[in-house]
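Secondary and tertiary structure notes
Spelled out from the first residue to the last, the chains are:
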Amino acid sequence: MKCAPDQFYWAILLIVLGTFIAVTGCTGNVSSQPTPATPPAQVTGSATVNIQNFAFNPATITISRGTTVTWVNQDSVNHQVLNDADGSIAEGVLFASDSLPKGGIYSFKFDTPGNYPYHCSIHPSMKAAVIVT
Ligand SMILES: [Cu+2]
C-alpha cells in the first residue's frame, strides 16, 4: 500500500514526460528549420494629400508599400497629378490623374518601395513626392 502512491506519481510523471517529448518532438522539426525571412507587413492603409493654394500638402509623404494615396483638389482651379520623368520612366507613366476640378479626387496605390516625385502638369512649379518604404 505504501508503494501505490509512488507508482501513481511515477506513472503520471512518465505520461507527462511522454506527452512533452511527443509534443516537442513534433514541433521540434518545424522550429529547427531556418525561418524564412518574412517580408515587412504589407500595410494596406490610405493617405491623403490635399492640393491647396497651388501646393501639395504634405509636399513629401512617407508611406508603407501597399498604401493608397488619395489627392483631393481643394483649389477652385484645376490641377493634374502625374509622376515626374525619372530616368527611363516617362512623365505620367506610373500614375497620372485627370485634370481635377475643385473637389476632384485621384487615388493611386503604391506597391513598390521607392521615391516617387510628382508634379502638377498644369502648374509645373507645383512639385511634391511620395516616399514608399
Ligand atoms: Cu496645378
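A brief look at the structure comes next. Fair warning: this is a prediction, and the values are worked out from it, not measured in the lab.

**With respect to the overall build of the chain**
- Tallying secondary structure elements over the chain gives one helix and eight strands in all.
- Beginning at the N terminus, the succession of helices and strands in the chain can be written as α-β-β-β-β-β-β-β-β.
- Across the 133 residues in the chain, those meeting the buried criterion constitute 16%.

**Some remarks on the nonpolar core**
- If you look at the biggest cluster of nonpolar residues, it comprises 14 residues, and the most contacted ones within it are V49, V69, W71, V81, Y118 and V130.
- Elements with a minimum of two residues in this core: strand 1 (46-52), strand 4 (67-73), strand 6 (105-110), strand 7 (114-120) and strand 8 (127-132).
- In terms of residue count, the dominant contributor to this core is strand 7 (three residues).
- Those residues in contact with V81 that sit more than four places away from it in its chain are W71, S97, Y106, Y118 and C120.

**Here's the deal with the sheet that holds strand 7**
- Read across the open sheet, the four strands follow the order 3-8-7-5; overall the sheet is mixed. Two strands in the sheet have a free side with no partner beyond their single neighbour: strand 3 (60-63) and strand 5 (81-83). Along the sheet, successive strands turn relative to each other by an average axial angle of 25°, direction set aside.
- In this structure, strand 7 lies alongside strand 8, joined through six bridges in antiparallel fashion. When the bridges of strand 8 are listed, P117 appears paired with A129.

**Some details on the sheet that holds strand 2 (residues 55-57)**
- Strand order in the open sheet formed by four strands is 2-1-4-6, with mixed pairing between adjacent strands. With partners counted over all chains shown, the strands left at the sheet margins are strand 2 and strand 6, one partner each. On average, each strand axis in the sheet is tilted by 25° relative to the strand beside it, whichever way the strands run.
- Two elements, strand 4 and strand 6, share six bridges in a ladder whose sense is antiparallel. The partner of W71 across the bridge, within strand 6, is Y106.

**Notes on the pairing of strand 7**
- Where strand 5 meets strand 7, three bridges bridge the pair, whose relative direction is antiparallel. Bridging from a neighbouring strand, V81 pairs with C120 of strand 7.
- Adjacent in sequence and paired antiparallel, strand 7 and strand 8 are bridged by six residues.

What counts, and at which threshold
Residues numbered from 1 in each chain as written. Predicted model: local features only at pLDDT ≥ 70, side-chain atom pairs only at ≥ 80, totals over all residues. Helix = DSSP H or I, 4+ residues; strand = E, 2+ residues; numbered from the N terminus. Buried ≥ 20, exposed ≤ 12 C-beta atoms within 10 Å, placed from the backbone. Core = buried A, V, L, I, M, F, W, Y, C linked by C-beta atoms within 7 Å. Contact = placed C-beta atoms within 7 Å. Pairing = 2+ DSSP bridges. Axes fitted to C-alpha atoms, helices over the stretch in contact; angles between N-to-C directions.

Interpretation note: all reported values are geometric properties and have no functional meaning in isolation.
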